[in-house]
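Letter by letter, the chains look like this.
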Amino acid sequence: MDAYLLIITLLAIVIVIVGVSIFKWHAFISLLMASLFLAIFAGMDLDEIVKAYETGVGGTLGHLIGIIALGAILGKMLAESGAGLKIANFFIHVFGEKKLPWAMFFSGFVIGIPVFFEVGILILLPLVISIQKASKKNILLIALPAIAGLSIVHGLVPPHPGAVAAIGIYNANLGKVLLYSLIIAVPAGIIGGPLYAKYISKRVTPEEEPEFVHIEEKNENQLPGTFISFFSILLPVLLMIVGTMAPYMHVGKSFENAFMFIGSPLIALLISVFSAYYFLGFRLGQDKKAIKKFTEDCIIPVGSIVLIVGAGGGFKQILIDSGVGDTIGHLAQNFSVSPLVLAFIIAGMIRIATGSATVALTTAAGIVSPIIANMADVNLELLVIVTGAGSLMFSHVNDAGFWMVKEYLGLSIKETFKTWTALETILSFVAFACALFMNVWI
């Protein structure tokens, strides 16, 4: 029976892979079909299948859908106001022209905390192009560190959807994940960003001109101040840190509950959005109609991410209710495979097969979460991080990010493999190694 359940689980994962890569189904459809296949062939009662799936979707999206939407709105306000460019210019001024790769890395790292990867690229690309034209340096030396900063926080750091979804699935502590992920993301990003960019820029020069994405240029007096720009980007992180520290402040139960409330990701982002509406909107001359339009423009693309994350939660619940999770858990214990290693490998395999980091992270978390249910001494926070690390590796032609970087930087496919694919893989394995090292000490 155990062998049979494992076989149909592998076939269900194959359905996800084939659906996305060959039939070109949306990942939501692929995950739904895989869930139904697994449930039926695992022998679940037909009247229980839909209920289990809906429970999984609801459990995952219940705490996540508002976070995804509010994060998108905050990212849109940062992009439209020019706050992201203001921060990038600050780092360039601090580091100077000789250390541009470091300036671009920290720009990408900070800007990437509250915004989606694609939005971060659109914020930074005009600056990358203008710096490249002024400095005559290889564009890879400037662009890759910024991309590394954006990518590593997108994969590991809350409040990004994948990380928050995995926190919910594993029942990990948000504050610890935030702290550990920031500690791990910095060295991983430095090695995959400025250091790798310095190495590869001497060996690869793009054959074509980069594709310029037009963003309305603003005069310096139209941009928000440096302090307000940093404040707007870091406010949700600061509030979440306050919520995490609340139990240790000894300020009384009422204040502790209040701090934990405002430090929850949903409320932290809601406060940050209203702060951005005022400081990055009304104070810079935007009216109510413009801000409403910005909000509506960024809500529509969120739908795809919500569907994928929700479907991953449904797949997880089917794995649990069908008994597959227990079977895999027993096998993992018999073979003495560390859950951290298992999560990293599974996430990496799904990432390579489907091209989607979000699909890889949510599906891998769904597979691993039943395994750890009866295990002691599993660091759930580091488990979130290694799953996110695995979801970054070996980006190639089935990943939308691969083509985005290729076109925007004017690279050939071969050059994109040497730069973007290598960069993502370095980020993945260095973050994984750092997590394993931390696991020894904490």
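Residues numbered from 1 in each chain as written. Predicted model: local features only at pLDDT ≥ 70, side-chain atom pairs only at ≥ 80, totals over all residues. Heavy atoms only, no water.

Colleague: Help me get a handle on the nonpolar core, residues and values and all.
Modeller: Within soluble globular proteins, side chains that are nonpolar tend to cluster in buried spots. Counting 149 residues, the largest nonpolar core has M104, I152, L156, Y170, L383 and L409 as the members making the most contacts within it. Here the element with the most residues in this core is helix 8 (residues 139-156); it accounts for 12 residues. Those residues within four positions of M104 in sequence are excluded, and the remaining contacts are I92, L124, L127, V128, I131, I142, P145 and A146. (Core = buried A, V, L, I, M, F, W, Y, C linked by side-chain atoms within 4.5 Å. Buried < 20%, exposed > 50% of the residue type's maximum accessible area, 1.4 Å probe, protein only. Helix = DSSP H or I, 4+ residues; strand = E, 2+ residues; numbered from the N terminus. Contact = heavy atoms within 4.5 Å.)

Colleague: Go over the layout of surface pockets, please, and point to the residues and values.
Modeller: Here the second largest pocket is characterised by a volume of approximately 520 Å³. Taken together, 22 residues form the lining of the second largest pocket, with N173, L174, G175, M240 and T244 sitting closest to its centre. Elements supplying a minimum of two residues to the lining of the second largest pocket: helix 9 (161-170), helix 10 (174-200) and helix 11 (226-245). Among the elements that make up the lining of the second largest pocket, the one with the highest residue count is helix 10 (six residues). Broken down by class, the residue content of the lining of the second largest pocket amounts to 14 nonpolar, seven polar and one charged. (1 Å grid on protein atoms, 1.4 Å probe; cavity = no way out; pocket = protein on both sides within 12 Å on 5 of 7 lines; lining within 4 Å. Points joined across faces, edges and corners; volume = space filled by probe spheres on them. Nonpolar A, V, L, I, M, F, W, Y, C, P; charged D, E, K, R; others polar.)

Colleague: Could you give an account of empty space enclosed by the protein, naming the residues involved and the relevant values?
Modeller: Counting across every chain of the model gives three cavities of 30 Å³ or more. What the largest cavity holds in volume is close to 100 Å³. In terms of lining, the largest cavity is formed by I121, L124, L125, V128, A143, A146, I147, L150, M404, V405, Y408 and L409. For the lining of the largest cavity, the secondary structure elements donating two or more residues are helix 7 (117-135), helix 8 and helix 20 (400-409). Among the residues forming the lining of the largest cavity, the class breakdown is 12 nonpolar, no polar and no charged. Volume-wise, the second largest cavity comes out at about 60 Å³. As for the second largest cavity, its lining consists of I67, I68, G71, A72, P114, F116, P159, H160 and P161. The biggest single contributor to the lining of the second largest cavity is helix 4 (residues 65-81), with four residues. For the lining of the second largest cavity, the per-class residue count stands at seven nonpolar, two polar and no charged.

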